[in-house]
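Notes for the structure review
Below, each chain spelled out in residue letters.
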Amino acid sequence: MVAATPPMGWNSWNFFAGKVTDKDIRDTADLLVSSGMRDAGYVYVNIDDTWEGKRDTDGKIQSNEKFPDMKALADYVHSKGLKLGIYSSPGAKTCAGYEGSLGHEAQDAATYAEWGIDYLKYDLCSYGGVMKTQAPNDPAGQNRLMHEAYEKMHQAILETGRPMVYSLCQYGMDSVWEWGPEVGANLWRTTGDISANFDRMSLIGRSQAGLAKFAGPGHWNDPDMLEVGNGRLTLDENQTHMTLWAMLAAPLIAGNNLTVMKPEIAAILMNKEAIAIDQDALGRQGDRVFADGPLEIWAKPLKNGAKAVAIFNYGESPSEMRKDNLHLKEMGFAGAVTARDVWAGKDLGKITDAYKVTIPKHGVVLLVVR
Ligand code: GLA
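The structure contained in this document is the topic of the report that follows. Residue indices begin from 1 for each chain and proceed along its sequence in written order. Only residues with pLDDT of at least 70 are given local features in this predicted model, and only at 80 or more are side-chain atom pairs given and counted; all residues enter the totals for whole chains, interfaces and linings. The basis for every side-chain value is the complete set of heavy atoms in the structure, and neither hydrogens nor water enter the calculation.

Our next topic: helix H2 (residues 22–34). Residue pairs spaced three or four apart in an α-helix point in one direction, given the helix's 3.6 residues per turn. The terminal C-alpha atoms of H2 lie 19 Å apart, and with 13 residues this matches the ideal 18 Å at 1.5 Å per residue to within 8%. Every buried residue of H2 is listed here: Asp 22, Asp 24, Ile 25, Thr 28, Ala 29 and Leu 32. End-on view of H2: buried residues confined to an arc of 160 degrees, all on one side of the axis. Of the exposed residues in H2, the ones pointing more than 90 degrees away from its buried face are Lys 23 and Ser 34. Contact definition: two residues touch when any of their heavy atoms are within 4.5 Å. Each helix corresponds to a stretch of at least 4 residues labelled H or I by DSSP, and each strand to a stretch of at least 2 residues labelled E; elements are numbered beginning at the N terminus. Looking at the buried positions of H2, the neighbouring elements they touch are strand S1 (8–11), helix H1 (13–16), helix H3 (37–40), strand S2 (44–46), helix H4 (70–79) and strand S5 (83–88). Directly beyond the C-terminal end of H2, a positive phi value near 95 degrees is found at Gly 36. Take the residue count of a helix, subtract one, and multiply by 1.5 Å to get its expected span. Partly exposed describes any residue whose relative accessible area lies between the buried limit of under 20% and the exposed limit of over 50%, with all areas from a 1.4 Å probe on protein chains only and scaled to the type maximum. This arc is taken over the directions from the axis of the helix to the C-beta atoms.

Orientation is described by axes fitted as lines to C-alpha atoms, over the contacting stretch for helices, and by angles from 0 to 180 degrees between their N-to-C directions. Orientation of helix H6 (residues 127–134) relative to helix H7 (residues 139–160), taken along the N-to-C sense of each, is 135 degrees, at an axis distance of 9 Å. Regarding the angle of H6 to H7, the classification is oblique. Crossing hand, H6 versus H7: right-handed. Residues Tyr 127, Met 131, Lys 132 and Gln 134 of H6 form the contact with H7, whose participating residues are Gln 142, Leu 145, Met 146 and Ala 149. For classification purposes, angles smaller than 35 degrees are called roughly parallel, those larger than 145 roughly antiparallel, those between 65 and 115 roughly perpendicular, and all remaining angles oblique. The hand of a helix crossing depends on one turn: near helix anticlockwise from the far one by less than a right angle means left-handed, and clockwise means right-handed.

Before going further, it helps to spend a moment on the packing of aromatic side chains. Aromatic rings from Phe, Tyr and Trp, taking only the six-membered ring of Trp, are treated as a pair when their centres fall within 6.5 Å; an angle between ring planes under 30 degrees marks them as stacked, one over 60 as edge-to-face, and anything in between as tilted. Counted under the stated rule, the structure contains 10 aromatic pairs. An angle of 90 degrees between the planes, with centres 5.7 Å apart, marks the rings of Tyr 122 and Tyr 150 as edge-to-face. Residue Tyr 122 is located in strand S6 (residues 119–123), and its partner Tyr 150 is located in helix H7; the two are separated by 28 residues in the primary sequence. For the pair Tyr 122 and Tyr 150, a shared accessibility class is recorded, and that class is buried. Taken together through their ring pairs, the aromatic side chains of Trp 10, Phe 15 and Phe 16 make up a single cluster. Over a ring means this: the NZ of a Lys or the CZ of an Arg is within 6 Å of the ring centre and within 35 degrees of the ring normal. Cation over ring: Arg 26 sits above Tyr 76, and NZ or CZ is 4.9 Å from the ring centre.

Structure, rendered in structure tokens:
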């Protein structure tokens, strides 16, 4: 099965955006290997928007001057034990104004397969305009057109015979989690774009409460790509970001510049226990158990009856968990549990609801309890 666990990899958009080149992708592939990220699970190297050139006289899409030879690039990425992802839109133009796939869906899927592409992010962009023109003042009709556009590319991918992860990007419109699996989606964006600041990241992550039942092996909610290591996120904020995404069984698609990755960022992205929570074979997304202002407790069921429990402090000052606050009963535990603190890398022994901990501003404590 494609995407039996949430896809892991790297995407060019969050750091390189429109400047990404063939060299950036090759450098990233090299660094995914030498940093240990590939072996930690980050195997997809995804080129986002701005690789597209013009179509030739047969209508075949060409890459632009930043990507002289896409097939050679795919071969290089594959030679490193990695997979290559690409990006397009069901509209005539992508979000950055490059060539989209409208009217060329089967041809483009065939070209991707010929190049050796393993993952397609398909971004609504200018197709929104097509929907409005073809079904004016008819929201249901517009939604139908959107479903059909995504199904069309799904069929085109199937016809190539090459397995590709199919990533929908339409910002959560029309509750995509309810119909994404029907159009072959392995993941679907649930929100607008993330950015590398705590407010936006945490707003997106917290807004995923209630979506757990729509995720499972082969089909995942996607709260957007990671900003770990980007912008001015502090270490606590980066840890909160990674924790929240792991609790959400979210795709872990890093978006930082690996050529300047600091050891403490590498440690967050490659924390084995956090990754194991995200990638747990049960494939269950976590959800919010308790909220008291800036303090939130989320739980995620893991295989073998264990649970990941994350205590977040979204507030502006350190916050102390008060007595009887862990809410273990709501998580299905009768009394004391055995706990491990993931970020501290420490076994805590037995703890109860009376567990006390102080959580820094914008920080988190991540436990695995059983
Ligand atoms: C949209 C998507 C982003 C990125 C850009 C590229 O904004 O949501 O993730 O792909 O387009 O133009």
